[in-house]
Amino acid sequence: MATENVTAENVTVRKRPGMAAKSVRDMVLSLAAVLAAGIVIYLFIPHSGGNGVRPVQYQDSVVSARRAAPYPLLAPQGLPSGWNATSVNFDGSNPGAAVWTLGFIDPAGQYVAIQQSNAPADSVIHDATLDGQKTSATTTVDGTVWTNYQGSRYQAIVLKGAKGTTVVFGTETFAKLGDFAAKLTDH
């Protein structure tokens, strides 16, 4: 049997001159193309502008909810200009825990809402205030004393009644929440 001599040969791979510079240039050109595409998209795609608040019409919902609610449903009347309703909802699927919620952004850009329900008061307050705690202070609205609650996100004034609980809550001061509550009516 014949033996073959196998020799290992060192092979050196040489890069062509200028390849490193060409790779960097290609990356820069690619980045420029992506940035140019982003700028074109930004300039020619319409933007909504404004503050992102999308006002909703709530008057028809008030009329419908008042017919279905098992309590005197409240909604504001005579709000000054600059108030924008942002959410409205009536859930009467459970007659023992019907919930009415109407939210606004006020002229100062703060959130103010009303929530009413005939569910147990502690549950209504907990849901509206995001686990708010009762404070020792109160707010008087048209001669009626409302209880103040402070939550981690919202503060609220609460009125417990025979037919349900009303919570006026938001990011405004207790005094401003009281001013909003003074505008609430059941007709």
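Our structure's up above, just so we're on the same page.
This write-up is about the structure you can find in this document. (Residues numbered from 1 in each chain as written. Predicted model: local features only at pLDDT ≥ 70, side-chain atom pairs only at ≥ 80, totals over all residues. Heavy atoms only, no water.)

1. A short note on the layout of surface pockets
- In this structure, the largest pocket encloses a volume near 270 Å³.
- Pro72, Leu74, Gln116, Leu159 and Thr166 are, among the 17 residues lining the largest pocket, the residues nearest its centre.
- Counting only elements with at least two residues in the lining of the largest pocket, the list comes to β4 (111-117), β6 (144-150), β7 (155-160) and β8 (165-170).
- Per-class residue counts for the lining of the largest pocket are 7 nonpolar, 7 polar and 3 charged. (1 Å grid on protein atoms, 1.4 Å probe; cavity = no way out; pocket = protein on both sides within 12 Å on 5 of 7 lines; lining within 4 Å. Points joined across faces, edges and corners; volume = space filled by probe spheres on them. Helix = DSSP H or I, 4+ residues; strand = E, 2+ residues; numbered from the N terminus. Nonpolar A, V, L, I, M, F, W, Y, C, P; charged D, E, K, R; others polar.)

2. Considerations on the pairing of β6
- Alignment of strand β5 (residues 133-141) against β6, held across 6 bridges, turns out to be antiparallel. Looking at β6, one finds that Thr140 is bridged to Val145.
- Relative to β7, β6 runs antiparallel, the two being bridged by 4 bridges. Residue pairing across strands places Asn148 opposite Ile157, the latter belonging to β7.
- What sits between the antiparallel neighbours β6 and β7 is a turn of 4 residues. (Pairing = 2+ DSSP bridges.)

3. Details of the packing of aromatic side chains
- For the structure on display, the rule yields 7 aromatic pairs.
- Judged by centre distance (5.5 Å) and plane angle (20°), the rings of Trp83 and Phe180 are stacked. One end of the pair, Trp83, is in the loop between β1 (75-76) and β2 (84-91); the other, Phe180, is in helix α4 (residues 174-182), and 97 residues separate them in sequence. Each member of the pair Trp83 and Phe180 is classed as buried.
- Plain terms: the ring middles of Tyr111 and Tyr154 are 5.7 Å apart, the flat faces sit at 40° to each other, and that makes the pair tilted. Pair noted here: Tyr111 is in strand β4 and Tyr154 is in the loop between β6 and β7, with a separation of 43 residues, a long-range link. Judged on exposure class, the residue Tyr111 and its partner Tyr154 are both buried.
- Taken together, the ring pairs connect Tyr58, Trp83, Phe104 and Phe180 into an aromatic cluster. (Phe/Tyr/Trp six-rings, centres within 6.5 Å; stacked < 30°, edge-to-face > 60°. Buried < 20%, exposed > 50% of the residue type's maximum accessible area, 1.4 Å probe, protein only.)

4. What to know about the pairing of strand β3 (residues 99-105)
- Judged by how many residues are buried, β3 sits mostly within the fold: 6 of 7 residues are covered.
- Pairing analysis gives 7 bridges linking β2 to β3, with the strands arranged antiparallel. Residue Val88 lies in a different strand from β3, and its bridge partner there is Leu102.
- Taken together, the 7 bridges between β3 and β4 define a ladder with antiparallel strand orientation. Bridge pairing in β4 places Thr101 opposite Gln115.

Nothing here speaks to function; it is geometry throughout.
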